[in-house]
Amino acid sequence: MTLRNLTFVGLLIIPLEKSDQWTEVSYKKIPGNRISYLKEGIKINIEKSASPLVFRLPKTVSVQAAHLTLEFQGDLPPANDRWSEDAPFRIGFVAPGQNTLSEFKRWMAPPWVKQLFDLAPKGQGIDKIYFLNLDTQPSHMGQSRAHPHSKLLQEKVVGIIENSKSTYNLNYRWDRPQPTAALWISPDGDDTKSSFSVLIKKIELDIQE
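Because the structure is a prediction, the values reported are computed rather than measured.

(A) Layout of empty space enclosed by the protein. Applying the stated criterion to the full structure yields two cavities of 30 Å³ or more. For the largest cavity, the full set of lining residues is Pro 77, Pro 78, Asn 80, Ser 84, Asp 86, Ala 87, Pro 88, Asp 135, Thr 136 and His 140. Within the lining of the largest cavity, the residues separate by chemical class into four nonpolar, four polar and two charged. Volume-wise, the second largest cavity comes out at about 30 Å³. In terms of lining, the second largest cavity is formed by Trp 83, Ser 84, Asp 86, Ala 87, Asn 133, Leu 134, Asp 135 and Val 157. Among the residues forming the lining of the second largest cavity, the class breakdown is four nonpolar, two polar and two charged.

This is the structure we're talking about:
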């Protein structure tokens, strides 16, 4: 696969039907999501579980906007006035930067952190993962935070899911292009003991040529 295969007039179409183009990441002591690669897209079944799904881009690109089509079913994480550790959907844009792991830190780090840093372009480190979140609590719309457990994770709520059987079109545009080396997708329900599914039918990125 090359970037040329996917780019058409500044549009990057992310392939969804082949498992060998995606990497499933696991957390220690947390059940993983169940992933199916279908003709319709990628179906993620969350059963009180959590595990990211990663797509590494052939090269770093500058993303101006993201367009996704998602279908939800089941009992989504409940609305909560506090920022929940679970989310119906997150898509993260892994930005290259200066943060690296020393040999000692790599030895101590959990596997998912090592896999994150392995996404950095050759000779570079990681800046952060910049997440676009969907939530079930309307008051969270537009809120941002640095994740309390890792300075590498920055989250912003960009949409609200109002019911568990719905199609959602996520369209988000950055004021400045977002440098991106990989995508990091992580819906989860382990903290709230939620069970639901999300079908990713489309991921398209407007890129700056």
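(B) Region of interest: the side chain of His 147. Summarising the element assignment, His 147 is placed in the loop between β9 (144-146) and β10 (153-160). His 147 gets classed as buried once you look at its relative accessible area, which sits at 15%. Residue contacts for His 147: discarding those within four places in its chain leaves Glu 85, Leu 153 and Glu 155.

(C) Highlighting the nonpolar core. Counting residues in each nonpolar core, the largest one holds 38 residues, and the members touching the most others are Trp 22, Phe 89, Ile 91, Ile 203 and Leu 205. Listing elements by their share of this core, those giving two or more residues are β4 (34-38), β5 (41-47), β6 (53-75), β7 (89-97), β8 (125-135), β11 (166-185) and β12 (195-207). Setting aside chain neighbours within four positions, we find Leu 205 in contact with Gly 10, Leu 11, Leu 12, Ile 14, Val 63, Ala 65, Ala 66, Phe 93 and Leu 183. In this structure, Trp 112, Leu 119, Leu 153 and Trp 184 belong to the second largest nonpolar core, which totals 17 residues.

(D) Representation of the pairing of β4. Alternating positions in β4 separate cleanly, Ile 35 and Tyr 37 being buried on one face and Arg 34, Ser 36 and Leu 38 remaining unburied on the opposite face. Bridging between β4 and β5 involves five bridges; their strand directions are antiparallel. Counterpart to Tyr 37 in the pairing with β5 is Ile 42. Counting the residues between successive antiparallel strands, the hairpin from β4 to β5 contains two residues.

(E) Inspection of the pairing of β6 at higher detail. Inspection of the sheet shows strand β3 (residues 23-24) paired to β6 by two bridges, in the antiparallel sense. Residue pairing across strands places Thr 23 opposite Val 54, the latter belonging to β6. In terms of strand pairing, β6 meets β11 through 15 bridges, oriented antiparallel. Counterpart to Val 54 in the pairing with β11 is Trp 184. Bridge count for β6 against β12 is twelve bridges, and the pairing is antiparallel. Each bridged residue has a counterpart across the sheet, and for Thr 69 the counterpart in β12 is Lys 202.

(F) Structural detail: the pattern of salt bridges. Under the counting rule described, the total for this entry stands at seven salt bridges. Measuring nitrogen to oxygen at the nearest pair gives 3.8 Å for the salt bridge that ties Lys 128 to Asp 127. Among the charged side chains, a network of salt bridges with common partners joins Glu 85, Arg 90, Arg 145, Glu 155 and Asp 188.

(G) Representation of the environment of Asp 75. Of note, Asp 75 is situated in strand β6. In this structure, the C-alpha to C-alpha distance between Asp 75 and Asn 163, residues 88 residues apart in sequence, is 8.9 Å. Among all residues touching Asp 75, those that are not within four sequence positions of it are Ser 194, Ser 195 and Phe 196.

(H) Representation of the environment of Glu 71. Inspection of the secondary structure puts Glu 71 in strand β6. Judged by relative accessible area, which is 30%, Glu 71 ranks as partly exposed. Separated by 44 residues in sequence, Glu 71 and Gln 115 place their C-alpha atoms 28 Å apart. Not counting residues within four places of it along the chain, the set of residues in contact with Glu 71 comprises Ser 166, Thr 167, Ser 197, Val 198, Leu 199 and Lys 201.

What counts, and where the lines are drawn
- Residues numbered from 1 in each chain as written.
- Predicted model: local features only at pLDDT ≥ 70, side-chain atom pairs only at ≥ 80, totals over all residues.
- Heavy atoms only, no water.
- 1 Å grid on protein atoms, 1.4 Å probe; cavity = no way out; pocket = protein on both sides within 12 Å on 5 of 7 lines; lining within 4 Å.
- Points joined across faces, edges and corners; volume = space filled by probe spheres on them.
- Nonpolar A, V, L, I, M, F, W, Y, C, P; charged D, E, K, R; others polar.
- Helix = DSSP H or I, 4+ residues; strand = E, 2+ residues; numbered from the N terminus.
- Buried < 20%, exposed > 50% of the residue type's maximum accessible area, 1.4 Å probe, protein only.
- Contact = heavy atoms within 4.5 Å.
- Core = buried A, V, L, I, M, F, W, Y, C linked by side-chain atoms within 4.5 Å.
- Pairing = 2+ DSSP bridges.
- Salt bridge = Lys/Arg side-chain N within 4 Å of Asp/Glu carboxyl O.

The analysis is restricted to geometry; functional conclusions fall outside its scope.
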